[in-house]
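If you want the building blocks of each chain, they are given just below.
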Amino acid sequence: MHALDSTTSRRSERALQLALFLSSVFWFLAADAVAGRAARGLSEHFSLGPIRPLLTSIFLLFLLALGFTVLQTLSGRRAPLRDIFGLPRRPTSAREWSLGAALGWGLVVLAILPMALARALNIHLWAQPRAFGLLLLNLLTLAVAALAEEVAFRGYPFRRLIQAIGPTGATIALSLLFGLAHILNPGATGASTLVTALAGLLLSLAWLRTHGLWLGWGFHFAWNASIAILFGLPISGITDFASVVQTRTFGPFWLTGGDYGPEGAAFTVIVLLLGIAILVRMTRDYAWHYTWTPIVGAGYPMDAPPPAAHVAMEQQARPAPPPPLVQILPATPPPPPPIEKP
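Calculation notes
Residues numbered from 1 in each chain as written. Predicted model: local features only at pLDDT ≥ 70, side-chain atom pairs only at ≥ 80, totals over all residues. Heavy atoms only, no water. Helix = DSSP H or I, 4+ residues; strand = E, 2+ residues; numbered from the N terminus. Contact = heavy atoms within 4.5 Å. Areas by Shrake-Rupley, 256 points an atom, 1.4 Å probe, with all protein chains shown as cover. Phe/Tyr/Trp six-rings, centres within 6.5 Å; stacked < 30°, edge-to-face > 60°. Buried < 20%, exposed > 50% of the residue type's maximum accessible area, 1.4 Å probe, protein only. Axes fitted to C-alpha atoms, helices over the stretch in contact; angles between N-to-C directions. Parallel < 35°, antiparallel > 145°, perpendicular 65-115°, else oblique. Left-handed = near helix turned anticlockwise from the far one by under 90°.

Topic: the overall build of the chain
Secondary structure assignment for the chain yields 12 helices and two strands. Start at the N end of the chain and walk to the C end: the helices and strands fall as α-α-α-α-β-α-α-α-α-β-α-α-α-α. Within the chain, residue pairs in contact and separated by at least 24 positions form 76% of the contacts whose partners lie at least 6 positions apart. A total accessible area of about 20,000 Å² is found for the chain, and carbon and sulfur atoms account for 68% of it.

Describing the packing of aromatic side chains
A complete count under the given rule lists eight aromatic pairs for this structure. Where W97 meets W217, the ring centres are 6.1 Å apart and the plane angle is 85 degrees; that geometry is what we call edge-to-face. One end of the pair, W97, is in helix α4 (residues 93-117); the other, W217, is in helix α8 (residues 214-230), and 120 residues separate them in sequence. Look at W97 and you get partly exposed, because its relative accessible area is 25%.

Details of the packing of helix α7 (residues 190-210) against α8
The N-to-C vectors of α7 and α8 enclose an angle of 155 degrees; their axes lie 8 Å apart at closest approach. When the interaxial angle is binned, α7 and α8 end up roughly antiparallel. Our pair here, α7 against α8, has a crossing hand that is right-handed. Contacts from L202, L203, A206 and T210 of α7 reach α8 at L215, G216, F219 and H220.

Spelled out as structure tokens, the structure:
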């Protein structure tokens, strides 16, 4: 009867987590639509066209915080907003973000290098003051947008799905969902969907290896910023973020990705597979410190106190303590008898 109750309880918990995941997905879709409309309305009313993408990302992040906090409260397990987002406070957070950014930048360079060697890049520079102002604005926009996207996919919903169906199923499902979410982007193809799904797999592994979004956020930001700002290429078919450097590609689609950008190139599949291997290796210490769980022998905690009867038996069987040592000092010889004079 106890086992049946335990099984029923686990099934109820998984059902609850699945319901929370589905609710968070619907909330994200609604929040994305509301954030886009609100940003468009404000930018048109106050002539804020250049900062419209930034407003959209800020509004989306705010709505995600509101909705996910409500869902967490309804589940009966309140938590700080940082934990709900998946951004735990810890001493290695800045280093994790930097490692993710370095990995993202390095993989983009690796994906662009064959294009440069094949002379498939036509680069134009726009070196006016306004271009540098847009560059800073675009950097801020991409940083907030990357955080919002990570929170929406690998933050609260991903953890709920892990609790519902396990880490393997959740990783596969979220990676496919991440790829399909970009299928309506301009110039999307089957290759671009595969590349985006692999990027989602890499970002999901970043969470599984660190139990935090710091590394994934850094990777996501550096990947987008390197493609759009450093090399002036489209991000998933979007060309709005190129400012100082503006680049067009010429060459085979499998190498350049065409108008979709490097994320539509079949060569980027190889780059991301290599990136996954590098990620696993570079996060060994984080996986040990942040994802390790204590070993439980046969399902029972090893630090449980022993039964009282067992303790009493051990005390009875314990040998008596040895008697205290007695130090025997050497006896002082008596003085010699006095010698009588004749």
